[in-house]
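Structural features, examined
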Amino acid sequence: MRLVLLGPPGAGKGTQARMVQEAYGIPQISTGDILREEVAEKTSLGSYAATFMERGALVPDEAIIEIVRRRLKQPEYAQGFILDGFPRTLAQAEALDRVLEAEGSAIDLILNLQVDEEELVARLAGRRICERCGEVFHLRFHPPRVEGRCDRCGGRLIQREDDREEVIRRRLKVYGEEAAPVVAYYGRKGKLKEVSATGEIESVKERIDRVLKSWSRGER
Ligand code: AP5
């Protein structure tokens, strides 16, 4: 299955993509995670991307499209994938279709996760990430068993640079400007499903599960 998860920063794309990966064995591709790895490794792409990411702006389309194009060529994504954080602009959505078309495939389903803005700010401001394995927690909604430590590997939990309130507001504004054409584009293709992403993480997972199962049964 070739899936896209759309939704604003903090909607839970990463959280849910990892759950889909575990439950269905569909590998996740997160452009945000790829970029953060490049930044941490101080590559030239990472230094370039950091100048956009730290102020909550989008990394230019050409760079992101090239990253995804290369990823999709890797054999582990041949049978399917779940894209989280891409596409974010109409140019990215069109480029993705061209890349897949060239290989005779296409996106099967697009899930658009929806959450109110104030809830998004609370989710992002309280997010903490394991600096070692990348596991995601929330101070209030998904706290670690031991304060400041990852449940999975014991690594230190840190706050993402772009999860400061002023940067969060900027990211939400950018999302508001760029997302509508992408949603409209997929809506016209008839493959878009709206999913409410408010409420408990488990409840959102169940809603996504229902959509994926009904798609698998051929209900469109
Ligand atoms: P990226 O990493 O993609 O950030 P984002 O889209 O802003 O999304 P987030 O990772 O912030 O949120 P999420 O929806 O994954 O939420 P999560 O599951 O973590 O991108 C970062 C930057 O990289 C961009 O700003 C841009 O500069 C650049 N970039 C990336 N892709 C790009 C592209 N395609 N084009 C151009 N530039 C690009 O959850 C958030 C928190 O909420 C967590 O703490 C979680 O535990 C909690 N939570 C999750 N679900 C729930 C729930 N149901 N209830 C309560 N809490 C919840």
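As the structure is a computational prediction, the values presented were derived from the model and not from experiment. (Residues numbered from 1 in each chain as written. Predicted model: local features only at pLDDT ≥ 70, side-chain atom pairs only at ≥ 80, totals over all residues. Heavy atoms only, no water.)

Points about the packing of helix H5 (residues 90–102) against helix H7 (residues 165–189)
Heads up, the rule is: Helix axes use the C-alpha atoms of the stretch in contact, all axes being lines fitted to C-alpha atoms, and the angles between their N-to-C directions lie in the range 0 to 180 degrees. Helical segments are the DSSP runs of H or I of at least four residues, strand segments are the runs of E of at least two, and each set is numbered from the N terminus. Any two residues whose heavy atoms approach within 4.5 Å are treated as being in contact. Note that Gly is not counted as nonpolar here; it falls among the polar residues with everything else outside the nonpolar set of Ala, Val, Leu, Ile, Met, Phe, Trp, Tyr, Cys and Pro and the charged set of Asp, Glu, Lys and Arg.
Where H5 contacts H7, the axes come no closer than 8 Å and their chain directions differ by 40 degrees. Listed contacts from H7 to Leu-90, Ala-93, Glu-94, Leu-96 and Asp-97 of H5 are Pro-181, Val-182, Tyr-185, Tyr-186 and Lys-189. Residue classes in the contact of H5 with H7 are distributed as seven nonpolar, no polar and three charged.

Brief notes about the packing of helix H2 (residues 31–40) against helix H3 (residues 44–53)
To keep it simple, the criterion reads: We call a crossing left-handed when the near helix sits turned anticlockwise from the far one by less than a right angle, and right-handed when that turn is clockwise.
For the pair H2 and H3, the least separation of the axes is 7 Å and the interaxial angle reads 120 degrees. Remark: the crossing between H2 and H3 carries left-handed chirality. From H2, Gly-32, Leu-35, Arg-36, Glu-38 and Val-39 reach across to H3, where they touch Leu-45, Gly-46, Ala-49, Ala-50 and Met-53. Here the contact of H2 with H3 is built from residues that sort into six nonpolar, two polar and two charged.

A short note on empty space enclosed by the protein
The criterion, for reference: A 1.4 Å probe that fits into a set of points on a 1 Å grid over the protein atoms alone but cannot get out defines a cavity; an open set with protein on both sides within 12 Å along at least five of seven lines defines a pocket, and lining residues are those with an atom within 4 Å of a point. Grid points are joined across faces, edges and corners, and a volume is the space filled by probe spheres set on the points.
For the structure on display, the rule yields three cavities of 30 Å³ or more. Its boundaries defined by the atoms lining it, the largest cavity holds a volume of some 110 Å³. Lining the largest cavity are 13 residues, and of these Leu-6, Gly-7, Pro-87, Arg-88 and Tyr-175 lie nearest its centre. Counting residues per element, the ones that place at least two in the lining of the largest cavity are strand E1 (2–6) and H7. No other element matches H7, which puts four residues into the lining of the largest cavity. Classifying every residue of the lining of the largest cavity gives nine nonpolar, two polar and two charged. For the second largest cavity, the calculated volume is near 40 Å³. Taken together, Gln-16, Met-19, Val-20, Ala-23, Tyr-24, Lys-205, Ile-208 and Asp-209 make up the full set of residues lining the second largest cavity.

Focus: the site of the ligand
In plain terms, the rule: By convention in these notes, a residue is near a molecule or strand provided one of its non-hydrogen atoms lies within 4 Å of it. For the purposes of these results, a polar contact is taken to be a pair of N or O atoms within 3.5 Å, where, inside protein, one atom must be able to donate a hydrogen and its partner to accept one; residues adjacent in sequence count only when each atom of the pair is a side-chain atom. To be clear on the numbers: accessible area is Shrake-Rupley with a 1.4 Å probe, and residue cover counts the displayed protein chains and nothing else.
Around the ligand lies a shell of 36 residues, among which Thr-15, Ala-57, Arg-88, Arg-127 and Arg-171 are the nearest. Within the side chain of Arg-171, a nitrogen or oxygen atom sits 2.6 Å from an oxygen atom of the ligand. Considering the ligand on its own, with 1,000 Å² of exposed area, one finds that the protein chains cover 97% of that surface. For the shell around the ligand, the secondary structure elements donating two or more residues are helix H1 (13–24), H2, helix H6 (117–125), strand E6 (136–138) and helix H8 (201–216). Per-element tally for the shell around the ligand: the top contributor is H2, with four residues. In terms of residue class, the shell around the ligand is built from 17 nonpolar, ten polar and nine charged.

As for the side chain of Asp-209
Where we set the bar: Partly exposed residues are those whose accessible area sits between 20% and 50% of the maximum for their type, while under 20% is buried and over 50% is exposed, using a 1.4 Å probe and protein chains only.
Inspection of the secondary structure assignment puts Asp-209 in helix H8. Judged by relative accessible area, which is 18%, Asp-209 ranks as buried. Within the structure, Asp-209 has its side chain in polar contact with the side chain of Tyr-24 (distance 2.7 Å).

Regarding the environment of Gln-159
Note on placement: Gln-159 falls in the loop between strand E7 (157–158) and H7. Measuring from C-alpha to C-alpha, the distance between Gln-159 and Arg-132 comes to 13 Å, with 27 residues separating the pair along the chain. When sequence neighbours within four positions are dropped, the list of residues in contact with Gln-159 reads Ala-125, Arg-127 and Arg-128. Reaching out from Gln-159, the side chain makes a polar contact with the backbone oxygen of Ala-125 at a distance of 3.3 Å. Of note is the side chain of Gln-159, whose polar atom sits 3.4 Å from the backbone oxygen of Asp-163.

Keep in mind these values describe shape, not function.
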